[in-house]
Amino acid sequence: AGGTCVVYVTGAQLSAAGTDAMTLGSYDWSAAAKYAGRGVVTIDGPTALVEGAGVLNLGQRTNNFVAVMNVKNGGVLSTGAIRKNDYSSQYKVSFPDTSKIGAYLNFDGGTFRARANGNVFEVTRATQKITKTTVYAGGATIDANGYSVNVNLPLEKPDGYGVASITIPANASL
């Protein structure tokens, strides 16, 4: 069913095991097109950490869902990759318009810390592309963490704002 989930991590660590680091908007097989929803996770502060070895799934629904991940003020998101998931190709069934799924990643002084080699954004299908990754005035740090990583989607400035900085270590690439 539809609904809202808000998680605010500050001064703590949230860890996940398994193939998915975290999923916002898990699909409800009984109510595909009927219900909208929203999931928001904020990682705020230098001791705030959300981590998992697998993939962060934003907007893993089929219709009318918005997923937002905010990483700010020294907070760290540590995962293997990030993607928007839509289920339609995965289960080879026809679902409602997956273009109505919003998947947003926002940085304002936060860090993405890699947990695997490869692309930061997993995009094996066009429908898995994150809607928008925004870097606010506090900047974004891409910590390769000893891995070889590639930022393969645009890091965009917020509408009406400028970007102060994006730190890319020597072993990472844009």
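Residues numbered from 1 in each chain as written. Predicted model: local features only at pLDDT ≥ 70, side-chain atom pairs only at ≥ 80, totals over all residues. Heavy atoms only, no water.

## Describing the nonpolar core
Piece 1. Core analysis: the largest hydrophobic core is formed by 31 residues, its most contacted members being Leu58, Met69, Leu77, Ile82 and Phe121.
Piece 2. Counting only elements with at least two residues in this core, the list comes to β3 (20-24), β4 (37-44), β6 (55-58), β7 (65-72), β10 (101-108), β11 (110-114) and β14 (140-143).
Piece 3. If one sorts the elements of this core by residue count, β7 sits on top with four residues. (Core = buried A, V, L, I, M, F, W, Y, C linked by side-chain atoms within 4.5 Å. Buried < 20%, exposed > 50% of the residue type's maximum accessible area, 1.4 Å probe, protein only. Helix = DSSP H or I, 4+ residues; strand = E, 2+ residues; numbered from the N terminus.)

## Quick notes on the sheet that holds strand β16 (residues 166-167)
Piece 1. Pairing is parallel in the open sheet, where six strands are placed in the order β2-β5-β8-β11-β14-β16. The open sheet has two edge strands, β2 (13-16) and β16, and neither has a second partner.
Piece 2. By the bridge criterion, three bridges tie strand β5 (residues 49-52) to strand β8 (residues 76-79) in an arrangement that is parallel. Residue pairing across strands places valine 50 opposite leucine 77, the latter belonging to β8. (Pairing = 2+ DSSP bridges.)

## A short note on the sheet that holds β4
Piece 1. Strand order across the open sheet formed by five strands is β1-β4-β7-β10-β13, with parallel pairing between neighbours. Every other strand in the sheet has two partners, leaving β1 (3-9) and β13 (132-135) as the edge strands with one partner each. Each strand axis lies, on average, 10 degrees off the axis of its neighbour in the sheet, ignoring direction.
Piece 2. Note that β4 and β7 share eight bridges and pair parallel. Residue pairing across strands places isoleucine 43 opposite valine 71, the latter belonging to β7. (Axes fitted to C-alpha atoms, helices over the stretch in contact; angles between N-to-C directions.)

## Looking at the pattern of salt bridges
Piece 1. Counted under the stated rule, the structure contains three salt bridges.
Piece 2. Note that arginine 115 and glutamate 51 form a salt bridge whose closest N and O atoms lie 3.2 Å from each other. Within this pair, whereas arginine 115 is found in the loop between β11 and β12 (118-119), its partner glutamate 51 is found in strand β5, the two being separated by 64 residues in sequence.
Piece 3. Where glutamate 122 meets arginine 83, a salt bridge forms, and the shortest distance between an N and an O atom there is 2.3 Å. On the criterion of sequence distance, the pair formed by glutamate 122 in the loop between β12 and β13 and arginine 83 in strand β9 (residues 81-84) is long-range, its members being 39 residues apart. (Salt bridge = Lys/Arg side-chain N within 4 Å of Asp/Glu carboxyl O.)

Geometry only, nothing functional implied.
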